[in-house]
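The lines below spell out each chain.
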2 protein chains.
Amino acid sequence: MGTTQLETAPEPKYWHLKTVLSEALDSEFAVGEILPNERDLAARFGVARATLRQALEQLELEGRLQRRRGVGTTVAPPRVGVAVGSAQGTWPGEVGDAWQPADCAPAVPPADVARMLETSADEQVHVVRRTRVSHGQPVAAELLYVPASSVAELSAIDAPSGPARARGVLRELHRLGLEGQDRAVELGSARADDAKALDRLPGAPVLVVTTRFFAEGRTAAVSVATYRADTCRLTFGDAGGVEIHHGPERQAS
Amino acid sequence: MGTTQLETAPEPKYWHLKTVLSEALDSEFAVGEILPNERDLAARFGVARATLRQALEQLELEGRLQRRRGVGTTVAPPRVGVAVGSAQGTWPGEVGDAWQPADCAPAVPPADVARMLETSADEQVHVVRRTRVSHGQPVAAELLYVPASSVAELSAIDAPSGPARARGVLRELHRLGLEGQDRAVELGSARADDAKALDRLPGAPVLVVTTRFFAEGRTAAVSVATYRADTCRLTFGDAGGVEIHHGPERQAS
DNA sequence: GAGTGGTCTAGACCACACC
DNA sequence: GTGTGGTCTAGACCACTCG
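Since the structure is predicted, the reported quantities are computational estimates derived from the model, not experimental observations.

Enquirer: A description of the protein's contact with DNA strand D should follow, citing residues and the corresponding values.
Expert: Lining the immediate surroundings of DNA strand D are 27 residues, of which Asn37 and Arg49 of chain A together with Lys13, Ala48 and Thr51 of chain B lie closest. The share of sugar and phosphate among atoms of DNA strand D within 4 Å of the protein is 66%. Residue Gly70 of chain A places a main-chain N or O atom 3.1 Å away from a base oxygen belonging to DNA strand D. Between Ala48 of chain B and DNA strand D, the recorded distance is 2.8 Å, taken from a backbone N or O atom to a phosphate oxygen. Mapped onto the surface near DNA strand D, the elements with two or more residues apiece are α2 (38-45), α3 (49-61), β1 (65-68) and β2 (72-75) of chain A together with α1 (13-28) and α3 (49-61) of chain B. By residue number, the principal contributor to the surface near DNA strand D is α3 of chain B, which donates 4 residues. Of the residues that constitute the surface near DNA strand D, the class distribution is 9 nonpolar, 7 polar and 11 charged.

Below is the structure:
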């Protein structure tokens with residue numbers, strides 16, 4: 001019989017589906033447009049809904065789609081560039097930083113943070129909650145851990161918690177001379193409280209930026225900021241925040 | 001593994017399962033240890049395999065587990081800190097960089113890269129492939145795009161492609177004075193070729209680091225590096241690569 | 001070959017947004 | 001209400017690793 005061409009195509013359906021959808025997004029849909037619902041799309045492509053969802057999940061992970069329960073699936077705008085700090089470093093709350101202090105309360109930090117702060121395992125520190133908004137959307141939630149030793153002059157008259165306390169802690173922190181900082185980025189999944197602040201479901205993928213602030217020869221504060229991974233592109237360096245637009249195509253080739 | 005009752009829980013099963021498993025990993029398993037297989041685990045927790053898998057996927061995303069087809073699910077070691085470049089910036093291939101040049105070939109860059117390089121949409125550039133190894137494991141794959149105008153003196157005698165060509169392109173690049181660089185980090189999913197280099201399945205979550213190198217008043221080269229998101233923590237700043245341990249890690253039990 | 005994780009199906013019900 | 005995405009089930013078969 002004729003030579004049958006080597007098939008060699010164990011490419012998963014959802015992967016192929018993702019490619020097809022990705023190309024359709026580029027050519028046939030505008031940003032913000034609503035896609036057909038998952039049941040219709042699955043039927044149209046002749047696959048089970050679960051398979052279709054696997055493709056959609058990948059596209060959402062890459063920031064191409066946005067899905068909202070009760071609403072539908074929409075085409076996401078390009079990721080926004082979010083400046084994550086200049087090389088020289090600044091204290092949280094100094095002029096020009098994009099964070100909005102929300103609250104402050106004493107708490108025992110997680111073990112890994114306590115290790116960086118060199119506090120004992122059960123020692124309370126000031127925890128300042130802040131959020132960051134870009135283009136009208138919340139993009140990040142932060143917990144800033146400040147040991148009492150870093151804000152020794154903090155007025156005992158101020159309220160023990162609340163936004164006023166948060167401002168007081170930041171103000172006292174600025175009295176220290178910032179000697180340097182250290183940053184790390186990794187992938188994580190949103191805890192319930194962060195998910196709420198970011199308007200996502202728990203478990204949503206986030207970029208976790210851990211910053212250590214050095215002053216007086218030790219770690220004076222630690223910031224753990226969680227950014228929405230679907231909508232954010234973190235930018236570093238002197239030109240941080242500059243417009244580097246990624247086209248509709250970045251991964252497929 | 002006691003049967004938790006506590007209804008009134010709009011908390012999804014897989015989420016609760018993830019919490020239970022996470023705590024079990026902290027207290028009952030050592031790094032590298034093999035977990036029971038998915039069918040047994042699902043039966044033990046009284047859920048469908050798909051639900052159990054949803055919990056495992058999250059834990060893998062957080063770098064707690066490693067799953068390999070045909071082998072099993074193992075407890076992952078803590079993420080390795082990978083230095084992603086100092087603030088002052090260096091050219092790719094200068095002394096001390098952790099990349100291994102693998103290959104070089106001419107190709108037309110993706111549209112977004114072409115935009116940064118300010119080359120025309122169909123103009124070929126040198127594409128240097130490099131890989132990065134840490135602790136014996138491949139952690140990143142890179143494509144470095146170098147327009148011909150940045151390496152004008154490149155000897156026409158050299159081979160048009162291959163490792164020797166890669167070294168030649170890097171050498172010529174160093175003749176330019178590096179004026180600055182610009183970096184962005186975002187979440188992506190591994191293309192087929194990157195997945196192979198990283199020993200992962202296509203679609204695996206990766207951290208994409210895009211670096212723009214400036215020289216002579218323009219963008220002299222662009223690097224797109226994809227890091228394994230499950231095993232890597234990207235570190236920035238002067239103390240890059242320093243040990244900052246995250247998470248409840250357990251060495252042995 | 002046996003055992004593993006990866007893919008896929010065809011249903012079901014739930015939580016949420018909007019009318 | 002209706003319609004959406006989110007969760008869950010109980011199977012099936014495939015691709016891979018290893019003895």
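Enquirer: Could you give an account of the side chain of Thr211 of chain B, naming the residues involved and the relevant values?
Expert: Residue and element names in this part refer to chain B. Mapped onto the secondary structure, Thr211 falls in strand β8 (residues 205-215). Looking at Thr211, its side chain comes within polar contact range of the side chain of Arg183, at 3.4 Å. When residues no more than four places from it in sequence are discounted, the contact partners of Thr211 are Gln181, Asp182, Arg183, Ala221, Val222 and Ser223.

Enquirer: So what about the protein's contact with DNA strand C? Which residues, and what values?
Expert: What surrounds DNA strand C is a group of 26 residues, the closest being Lys13, Ala48 and Thr51 of chain A together with Arg49 and Arg53 of chain B. Sugar and phosphate atoms represent 65% of those atoms of DNA strand C found within 4 Å of the protein. Here Glu38 of chain B contributes a backbone N or O atom positioned 2.9 Å from a phosphate oxygen of DNA strand C. Taking Arg39 of chain B, its side chain carries an N or O atom lying 3.0 Å from a base oxygen of DNA strand C. Mapped by element, the contributors of at least two residues to the surface near DNA strand C are α1 (13-28) and α3 of chain A together with α2 (38-45), α3, β1 (65-68) and β2 (72-75) of chain B.

Conventions adopted
Residues numbered from 1 in each chain as written. Chains lettered and ligands numbered in written order. Predicted model: local features only at pLDDT ≥ 70, side-chain atom pairs only at ≥ 80, totals over all residues. Heavy atoms only, no water. Near = heavy atom within 4 Å. Polar contact = N/O pair within 3.5 Å; in protein donor to acceptor, adjacent residues only side chain to side chain. Helix = DSSP H or I, 4+ residues; strand = E, 2+ residues; numbered from the N terminus. Nonpolar A, V, L, I, M, F, W, Y, C, P; charged D, E, K, R; others polar. Contact = heavy atoms within 4.5 Å.

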